[in-house]
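Coordinates in review
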Amino acid sequence: VKGDVQVGQGARLTIAPGATLAFAAGTRLAVGTGGSAGALSAVGRADAPIVFTSSAAILAAGDWVGLRLGVGTPGTDTSLDHVTLAYGGADPGEGAAANLAIEGGDASVAHAAFTQSAGAGLWIGADATPTLNEASLTFEGNASGDLVRE
């Protein structure tokens, strides 16, 4: 992925099990940000997880910004299951630096691994009401903490 991806205006992005999305430096996947509604379905399987990572030849924390779920995601059935988010957490310019930043909405997150973020592994904003299966979440090497709630 060579540039920012914005999912809004009532759109839904569905990512197939087993897919790997490798992001260029400074890029992000933003869903429902800027006040426009959008949804994401990233539902992998145990034998075919979905991976969000860096496209850099030599991987490092902060290679890409990360996945951002904005206030435009409530009631949209945004779901992440059997996913890995790695090497994100670059400074987004506004908001939290994290592999996954849930700024608002009610996303569902289960069976997720958050690794090598330059910020938090998973950041949850004050306006967010996600459903987390915390027992199924794993964290490793996140510079600003693993699960951070505002």
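Refer to the structure presented above.
Let me begin by describing the structure that accompanies this report. Predicted model, so just to flag it, every value in this text is computed and none were measured.

Turning next to the packing of aromatic side chains. Applying the stated criterion to the full structure yields two aromatic pairs. On the basis of an interplanar angle of 5° and a centroid distance of 4.3 Å, the ring pair of Phe23 and Trp64 is categorised as stacked. In this pair, Phe23 sits in strand 3 (residues 20–23) while Trp64 sits in the loop between strand 6 (50–54) and strand 7 (66–69), placing the two residues 41 residues apart along the sequence. Of the two residues examined, Phe23 and Trp64, each falls in the buried class.

Right, let's get into the environment of Ala30. Summarising the element assignment, Ala30 is placed in strand 4 (residues 28–31). When the C-alpha positions of Ala30 and Gly8 are compared, they lie 8.5 Å apart, and in sequence the two are 22 residues distant. If sequence neighbours within four positions are ignored, Ala30 has contacts with Val5, Gln6, Val7 and Arg68.

With that settled, consider the sheet that holds strand 4. Each strand in a sheet pairs with its neighbour through backbone hydrogen bonds, running either in the same direction (parallel) or in the opposite one (antiparallel). Taken in spatial order, the six strands line up as 1-4-7-9-11-14 in an open sheet, and their pairing is parallel. Each end of this open sheet is capped by a strand with a single partner; those strands are strand 1 (5–7) and strand 14 (147–149). Mean inter-strand twist for the sheet, computed between neighbouring axes without regard to direction, equals 10°. Bridge count for strand 7 against strand 9 (residues 98–105) is three bridges, and the pairing is parallel. When the sheet's bridge partners are listed, Leu67 is paired in strand 9 with Leu100.

Turning our eyes to something else, we now look at the side chain of Arg28. With respect to the helices, strands and loops of the structure, Arg28 is situated in strand 4. Polar contacts involving the side chain of Arg28 include one to the main-chain carbonyl oxygen of Pro92, which spans 3.4 Å. When residues no more than four places from it in sequence are discounted, the contact partners of Arg28 are Gly3, Asp4, Val5, Phe23, Trp64, Val65, Gly66, Arg68, Pro92 and Glu94.

Once that is clear, we can look at the pattern of salt bridges. Tallying each qualifying case throughout the model produces five salt bridges. For Asp47, the salt bridge is made with Arg45, and the minimal N-O distance between the two is 3.0 Å. Take Asp47: its relative accessible area is 64%, and that puts it in the exposed class. A single salt-bridge network, built from bridges that share partners, covers Asp4, Arg28 and Glu94.

What counts and how
Residues numbered from 1 in each chain as written. Predicted model: local features only at pLDDT ≥ 70, side-chain atom pairs only at ≥ 80, totals over all residues. Heavy atoms only, no water. Phe/Tyr/Trp six-rings, centres within 6.5 Å; stacked < 30°, edge-to-face > 60°. Helix = DSSP H or I, 4+ residues; strand = E, 2+ residues; numbered from the N terminus. Buried < 20%, exposed > 50% of the residue type's maximum accessible area, 1.4 Å probe, protein only. Contact = heavy atoms within 4.5 Å. Pairing = 2+ DSSP bridges. Axes fitted to C-alpha atoms, helices over the stretch in contact; angles between N-to-C directions. Polar contact = N/O pair within 3.5 Å; in protein donor to acceptor, adjacent residues only side chain to side chain. Salt bridge = Lys/Arg side-chain N within 4 Å of Asp/Glu carboxyl O.

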